[in-house]
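Given next are the chains, with one letter for each unit.
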Amino acid sequence: MINFQPVVLWSDIFVWLLVLCAVVFALAVRRREHLRQPWVKLAANRIAMASATVLLAFVLIGLFDSLHYRVALEGKPGQKTQYAVEVLSVLDALATPLRTRNEKTYSEPFATRLYAKETVDVPGQGTVREYPRLKYGGKHLAEHEDEVAADAGFTAFRAGALAFLGWLAVAGVVSGVVGHGEAPGTGWQRIWRGETAFAWDAVLVALALMLLVAVPLFWLSGQYHVFGTDKVGQDVLYQILKSVRTGLIIGLVTTLVMLPMAVLLGIVAGYYRGWVDDAIQYIYTVLNSIPGVLLIAAAVLMMQVVIDTNPQWFSTAAERADLRLLALCFILGITSWTGLCRLLRGETLKLRELEYIQAAQAFGVSSWRIIIRHILPNLMHIVIIALVMDFSGLVLAEAVLSYVGIGVDPTMTSFGTMINNARMELGREPVVWWSLTAAFAAMFILVLAANLFADAVRDAFDPRAA
Amino acid sequence: MLAYIVRRLLYALPILLGVNLITFALFFVVNTPDDMARMQLGVKRVTPEAIQKWKAERGYDKPLLLNAEAGGLAVLTETVFFQKSARMFVGDFGRAEDGRDIAREIGNRMGPSLAIALPTFILGLFVTVTFALTLAFFRASAFDFWGVVLCVAMMSISGLFYIIGGQYLISKVWRLVPISGYGGGLEAWRFLILPVLIGVVSGIGSGTRWYRTVFLEEITKDYVRTARAKGVSEAAILFRHVLKNGMTPILTQSVVAIPGLFMGSLIMESFFGIPGLGSYTIEAIQSQDFAIVRSMVFIGAVLYIVALLLTDISYTIVDPRIRLR
């Protein structure tokens with residue numbers, strides 16, 4: 001029995017708060033037919049459902065990475081238990097082989113030898129300069145180093161077959177549920193003819209592709225470094241997995257943080273007009289006229305000073321990095337709420353002139369009640385569209401900001417820090433291309449899925465779209 | 001028209017004052033000059049005397065907003081806010097950590113910055129509008145579909161990828177142009193061509209998609225149907241009517257892109273080692289030179305406001321129905 005102490009980082013709180021919000025929102029929507037309509041439309045959209053499946057996989061990785069704990073150190077009996085400084089997550093526990101099997105320095109994907117030559121003592125021959133064998137990559141091959149392709153191919157094939165079986169099981173269950181109470185096989189037929197209200201065919205195809213790629217990858221990663229290792233010998237696949245959470249937090253928490261302010265100010269400005277409107281417009285014009293990067297740069301610089309002058313606030317390095325991540329979310333949120341606020345103000349200006357609101361006013365319904373019962377629900381589609389549209393931009397922005405040095409903490413794994421660390425290695429000969437490629441590819445998949453999903457959401461929710 | 005411009009410029013004053021107050025709050029209230037001094041001096045030499053000396057050398061030893069000790073107008077003028085922030089209105093940005101005059105430095109670096117931002121902007125606009133018009137011409141065909149797919153894919157690629165990939169492929173593998181650097185005079189084009197190219201390519205995805213929507217919306221309008229009924233060819237409709245009418249949203253979008261242009265050049269300049277305002281800012285951020293960052297925030301806001309005004313004026317040129325009063 002391993003003793004551990006749960007650690008709740010601030011960003012974990014936000015992540016789970018976000019999950020809670022999503023659940024509450026889903027329950028609220030379920031009970032109301034008119035709110036459910038756009039979601040039904042979205043569920044029938046093949047591209048949306050396929051990209052949602054991919055996004056869900058990323059979210060699951062992120063959630064596993066948001067349950068943190070500290071392992072208890074071995075101590076003498078009777079002594080007060082001490083906990084390790086290192087904060088781990090459930091994902092770290094699941095990926096222990098990836099996390100712990102570090103090489104000395106760079107190694108290529110599927111390599112069995114190190115990237116750099118070293119002086120090695122060979123018994124009987126004295127010292128020789130050669131590429132040393134990796135400690136873990138391809139260790140099971142022992143003498144038969146040249147059989148990497150055959151071995152890896154065979155393993156991948158086995159894992160792929162297993163993945164296919166797993167997929168068949170999932171598809172079988174789904175078609176059983178779809179064709180419940182009908183003749184056997186009807187569910188299966190209806191799915192592939194696209195006759196279901198929910199785009200099951202797209203989900204299943206996306207799932208099949210993901211399983212066929214992911215299962216062999218993870219299987220192989222037990223024996224090889226499938227994406228190679230980085231400068232300090234860490235597995236690149238592990239870094240990619242860790243980056244997912246950072247990207248998701250930047251993309252989602254930022255919007256969550258700015259939503260209350262944008263919604264409140266936008267509605268108040270549009271509803272009350274007059275000097276309130278002028279004041280709010282002034283605030284967002286001022287914020288808007290400072291180019292985003294510069295405002296972010298200035299704010300992050302200042303935050304860095306605060307963090308550096310108050311080291312006593314943090315008990316672990318993870319907490320410091322985490323707080324910096326959240327601060328970055330807040331700063332990004334403050335610079336990006338203006339667009340949404342302006343949209344909401346404009347829409348509220350239009351809404352408040354409609355008959356049913358005039359009627360409510362004539363009946364003497366209080367302003368706050370009108371805003372909450374009549375105006376806010378009619379603005380939700382704009383909020384949802386903004387939330388999904390902003391996501392991909394924020395994930396991309398993180399990489400750029402980390403490059404400039406105003407992004408996440410350098411000790412925190414993110415796509416930005418990965419790219420930044422790997423960037424200089426392109427000058428080497430032979431080129432160290434794997435970490436850069438892997439980071440860009442992972443980011444591309446995440447952002448592409450988010451973009452496609454955002455488009456579908458906009459089409460489903462925008463009343464102007466025919 | 002002139003009255004309008006003057007009035008707009010007067011409106012800009014309270015906004016600039018707001019920008020000024022925000023930077024002031026960020027740089028002097030959230031972190032007091034003492035914090036900055038401690039940061040700049042490092043951990044070892046922090047004695048109260050050293051901090052006092054550091055502050056006195058840079059003029060941070062005055063009260064922040066009100067100087068109660070001074071008499072008369074000096075209550076307001078002998079303060080950090082007036083000396084450091086309000087002076088930016090007259091173009092006095094003070095000195096950087098290395099003692100150089102920031103205003104002069106900005107003047108020197110303006111040229112290279114413009115040399116990269118302007119061609120990127122104009123060429124980018126031209127390429128994306130052309131591409132979008134072509135897609136709109138072949139609308140609802142396989143070409144259009146795959147064009148949009150390509151755009152979404154290009155949008156999803158990180159801007160850093162274009163830069164790193166372009167530098168690696170064109171400069172390192174093919175050795176066509178230098179990887180980075182800058183030369184004065186006519187030789188500069190060899191250094192500029194790659195950043196401009198990459199800037200244009202990385203903007204194609206989102207730009208084309210947006211303009212295509214604009215054009216498609218325009219095509220459904222009544223005047224287009226009338227023109228078609230009269231027997232005007234489809235190409236003539238697109239270039240003569242749709243393009244002109246689509247100009248207004250295109251202009252609006254261009255202004256939104258101007259702060260982005262600043263961001264783009266920020267990254268671009270530091271990657272390509274071009275001595276412009278962007279790399280100046282990044283260097284300042286990395287060496288934590290607060291005076292430079294403060295000045296750049298102010299200048300960025302000024303540029304944005306001027307760009308906004310220029311757009312409004314250009315509306316009248318594109319759309320004669322709009323009158324500025």
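Reading the values: the criteria
Residues numbered from 1 in each chain as written. Chains lettered and ligands numbered in written order. Predicted model: local features only at pLDDT ≥ 70, side-chain atom pairs only at ≥ 80, totals over all residues. Heavy atoms only, no water. Helix = DSSP H or I, 4+ residues; strand = E, 2+ residues; numbered from the N terminus. Rg over C-alpha atoms; globule rule 2.2 N^0.38 Å. Contact = heavy atoms within 4.5 Å. Areas by Shrake-Rupley, 256 points an atom, 1.4 Å probe, with all protein chains shown as cover. Pairing = 2+ DSSP bridges. Buried area = accessible area lost by both parts, 1.4 Å probe. Salt bridge = Lys/Arg side-chain N within 4 Å of Asp/Glu carboxyl O. Domains from an automatic or database assignment. Patch = residues over 30% accessible without salt bridge, like charges linked within 9 Å, V, L, I, M, F, W, Y side chains within 5 Å. Axes fitted to C-alpha atoms, helices over the stretch in contact; angles between N-to-C directions. Parallel < 35°, antiparallel > 145°, perpendicular 65-115°, else oblique. Nonpolar A, V, L, I, M, F, W, Y, C, P; charged D, E, K, R; others polar. pLDDT = per-residue confidence, 0-100. Buried < 20%, exposed > 50% of the residue type's maximum accessible area, 1.4 Å probe, protein only. Lys, Arg positive; Asp, Glu negative; His and termini not counted. Charge placed at Lys NZ, Arg CZ, Asp CG, Glu CD.

Caption draft 1: Main features of the overall build of chain B. Secondary structure summary: chain B contains 14 helices and 0 strands in total. Counting helices and strands in the order they occur from the N terminus, chain B gives α-α-α-α-α-α-α-α-α-α-α-α-α-α. For chain B, whose C-alpha radius of gyration is 25 Å, the value lies well above the compact-globule estimate of 20 Å for 325 residues. With the C-alpha coordinates of chain B rotated into their principal frame, the extents come out at 85 × 55 × 35 Å. Across chain B, contacts joining residues at least 24 apart in sequence account for 67% of those joining residues at least 6 apart. Within the structure as shown, chain B displays about 16,600 Å² of accessible surface, and the carbon and sulfur contribution to it stands at 67%.

Caption draft 2: Spatial organisation of the sheet that holds strand β1 (residues 4-7) of chain A. All names here are of chain A. Spatially, β1-β2-β3 is the arrangement adopted by the 3 strands of the open sheet, whose pairing is antiparallel. Edge positions in the sheet fall to β1 and β3 (88-89), since each has one partner strand and no second. For strand β2 (residues 68-71) and β3, the ladder comprises 2 bridges, and the chain directions are antiparallel. Paired with H68 across the bridge in β3 is S89.

Caption draft 3: Main features of the interface of chain A and chain B. Taken together, the contacts link 44 residues of chain A with 43 residues of chain B. With both chains or domains summed, chain A and chain B bury close to 3,900 Å², and 79% of this area falls on carbon and sulfur atoms. In terms of surface lost to chain B, no three residues of chain A exceed L294, L301 and M302 of chain A, which account for 16% of the buried area on that side. With a closest N to O distance of 2.8 Å, R209 of chain B and D455 of chain A form a salt bridge. Among the elements of the structure, α10 (274-289), α11 (292-309), α14 (367-404), α15 (415-423) and α16 (434-461) of chain A are those that each provide at least two residues to the side of chain A that touches chain B.

Caption draft 4: The domain arrangement of chain B, seen in detail. Residues and elements named next belong to chain B. Under the domain assignment, chain B is made up of domain 1 (9-90) and domain 2 (102-318). Listed per partner, the contact involves 16 residues of domain 1 and 13 residues of domain 2. Of all residues in domain 1, L16, F27 and M88 bury the most surface against domain 2, accounting for 38% of the area lost on that side. Here domain 1 is connected to domain 2 by 0 salt bridges.

Caption draft 5: A look at a nonpolar patch on the surface. On the surface, a nonpolar cluster with roughly 960 Å² of combined accessible area is contributed by L162, F164, L165, L168, W188, W192, V205, L209, L212 and W219 of chain A. Mapped onto the elements of the fold, V205 of chain A is located in helix α8 (residues 200-221).

Caption draft 6: Expanded view of the packing of helix α1 (residues 10-30) of chain A against helix α2 (residues 33-43) of chain A. All names here are of chain A. Two numbers describe how α1 lies on α2: the axes approach to 7 Å, and their chain directions differ by 110°. Taken together, the axes of α1 and α2 lie roughly perpendicular to each other. Of α2, the residues touching α1 (which contributes F25, V29 and R30) are L35, R36 and W39. Residues that form the contact of α1 with α2 fall into these classes: 4 nonpolar, no polar and 2 charged.

Caption draft 7: Focus on the confidence of the model for chain A. Residues of chain A with pLDDT of at least 70 account for 98%, and the chain-wide mean is 86. Mean pLDDT across the elements of chain A ranges from a minimum in strand β4 (residues 118-122) of chain A, with 77, to a maximum in helix α3 (residues 46-64) of chain A, with 93.

Caption draft 8: Spotlight on the side chain of R70 of chain A. All names here are of chain A. For R70, the location among the structural elements is in strand β2. For the buried R70, which has no salt bridge, the nearest side chain bearing the opposite charge is E319, at an N-O separation of 5.1 Å. Every residue in contact with R70, bar those within four places of it in the chain, is listed here: N3, F4, Q5, V7, Y83, A84, V85, E86, V87, S315 and T316.

Caption draft 9: Spotlight on the pairing of β4 of chain A. Residue and element names in this part refer to chain A. One ladder, built from 5 bridges, connects β4 with strand β5 (residues 126-130); its direction is antiparallel. Bridged to V122 within β5 is G126. From the end of β4 to the start of β5, which pair antiparallel, there are 3 residues, and G124 there has a positive phi angle of about 90°.

Caption draft 10: Structural detail: a positive patch on the surface. Where like charges cluster on the molecular surface, the positive patch consists of R31, R32, R369 and R373 of chain A. A relative accessible area of 47% means that R369 of chain A is categorised as partly exposed.

Caption draft 11: Spotlight on the pattern of salt bridges. Residue and element names in this part refer to chain B. Taken as a whole and judged by the stated rule, the model has 20 salt bridges over all chains. A salt bridge links E234 to R139, with the nearest nitrogen and oxygen atoms 2.8 Å apart. Within this pair, whereas E234 is found in helix α11 (residues 234-245), its partner R139 is found in the loop between α6 (102-137) and α7 (142-155), the two being separated by 95 residues in sequence. The class of R139 is partly exposed, set by a relative accessible area of 27%. Here D144 ties to R212 by a salt bridge, and the two come within 2.9 Å at their closest N and O atoms. You can see D144 sitting in helix α7 and its partner R212 sitting in helix α9 (residues 188-219), a full 68 residues away along the chain. Both residues of the pair, D144 and R212, belong to the buried class. Several salt bridges converge on common partners, so that one network encompasses R100, E105, R109 and E283.

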